[in-house]
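Residue-level listing of the chains:
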Amino acid sequence: MNAQTEKLLIAGPAGELEIAIDRPAAGTPELGMALICHPNPTQGGTMDNKVVQTLARAFIQLGWRAVRFNFRGIGRSQGGWDEGRGEIDDALAVLAVQRAPGEPLVLSGFSFGGYVASQAAQRVAEPARRLVLVGPATSRFDTAPVPADTVVIHGEVDDVVPLSSVLDWARPQSLPVTVVPGVGHFFHGQLPLLKSLVVRAFDPARL
């Protein structure tokens, strides 16, 4: 993402996993770790996706250490597509290596990554402080129920995951959804707005 991005290979369930770490500015205390899961690997999703990078920038601004990673079979990560099951294991493997015991955690994801984050949240030993799901793939994958303070952001004219699908998933949970008018799945032209919405949800004073 920038010259300061740290790239590593760690052991994963299906071989090595490629991860990228970005930290808050020097002198800024780290609040904890924010794990960001990328979109569907079978449709070109990687940890360098622009929405994923936008989420990373938001968390860095908020004072969190942003950790992105490539699911198995993508980039330098080994293995192959496992229809979402193994990809959840990949996320948990990254957490096992990168999260210090007791460290505050934010779980986030875009599209397919939102599904992975929702499922990982149910399996992590120490609960996440908060979840952030952007364009979660509720129409395509079994996105798990999430806590009431989860940040859900979706484009009004999303042509990949219909807004109606997200609302049908959110309604039984009485979960608010922030709808961005006129915006599609990839938030083209509206990434700065997406970043500000995430920042505002955590700390309005940092806008």
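For the structure, check the block above.
Residues numbered from 1 in each chain as written. Predicted model: local features only at pLDDT ≥ 70, side-chain atom pairs only at ≥ 80, totals over all residues. Heavy atoms only, no water.

Looking at this structure, I do not really get the nonpolar core. What am I missing?
Inside soluble globular proteins, nonpolar side chains tend to come together where they are buried. Among the nonpolar cores identified, the biggest contains 36 residues, and L35, F69, V94, L95, L107, V116 and W169 are the most heavily contacted of them. Every element with two or more residues in this core is listed here: β2 (15-22), β3 (33-37), β4 (65-69), α2 (85-98), β5 (105-110), α3 (112-123), β6 (130-134) and α4 (163-170). Ignoring anything within four residues of it in the chain, the contact list for L107 reads L35, L95, A117, A120, A121, A128, R130, L131 and V132. Counting 26 residues, the second-largest nonpolar core is a separate cluster that includes A34, V106, V198 and V199. (Core = buried A, V, L, I, M, F, W, Y, C linked by side-chain atoms within 4.5 Å. Buried < 20%, exposed > 50% of the residue type's maximum accessible area, 1.4 Å probe, protein only. Helix = DSSP H or I, 4+ residues; strand = E, 2+ residues; numbered from the N terminus. Contact = heavy atoms within 4.5 Å.)

I tried to follow the pattern of salt bridges on my own but got confused; where do I start?
Pairing between side chains becomes possible if they bear opposite charge and their charged atoms approach one another. Scanning all chains against the criterion turns up eleven salt bridges. The residue R85 makes a salt bridge to E83 at a minimum N-O spacing of 3.3 Å. In this structure, R123 engages D89 in a salt bridge whose closest nitrogen and oxygen atoms are separated by 2.7 Å. Remark: D89 occurs in helix α2 and R123 occurs in helix α3; sequence separation between them is 34 residues. With relative accessibility at 47%, the residue R123 sits in the partly exposed group. Judged by relative accessible area, D89 falls into the partly exposed class, the value being 28%. In the salt-bridge network here, residues are joined through shared partners; they are E6, R23, E30, R65 and E103. (Salt bridge = Lys/Arg side-chain N within 4 Å of Asp/Glu carboxyl O.)

Sorry if this is basic, but what is going on with the packing of aromatic side chains here?
Ring pairs (aromatic) are described by centroid distance and by the angle formed between their planes. Inspection of the entire model under this criterion finds eight aromatic pairs. Ring geometry for F71 and F112: centres 5.4 Å apart, planes at 75°, overall edge-to-face. Within this pair, whereas F71 is found in the loop between β4 and α2, its partner F112 is found in helix α3, the two being separated by 41 residues in sequence. A relative accessible area of 0% means that F71 is categorised as buried. The buried category is assigned to F112, whose relative accessible area is 0%. For the pair W81 and F112, a centre-to-centre distance of 5.5 Å together with 55° between the ring planes defines the contact as tilted. Remark: F112 occurs in helix α3 and W81 occurs in the loop between β4 and α2; sequence separation between them is 31 residues. Here the basic side chain of R130 rests over the ring of F202, its NZ or CZ set 4.9 Å away from the ring centre. (Phe/Tyr/Trp six-rings, centres within 6.5 Å; stacked < 30°, edge-to-face > 60°. Lys NZ or Arg CZ within 6 Å of the ring centre and 35° of its normal.)

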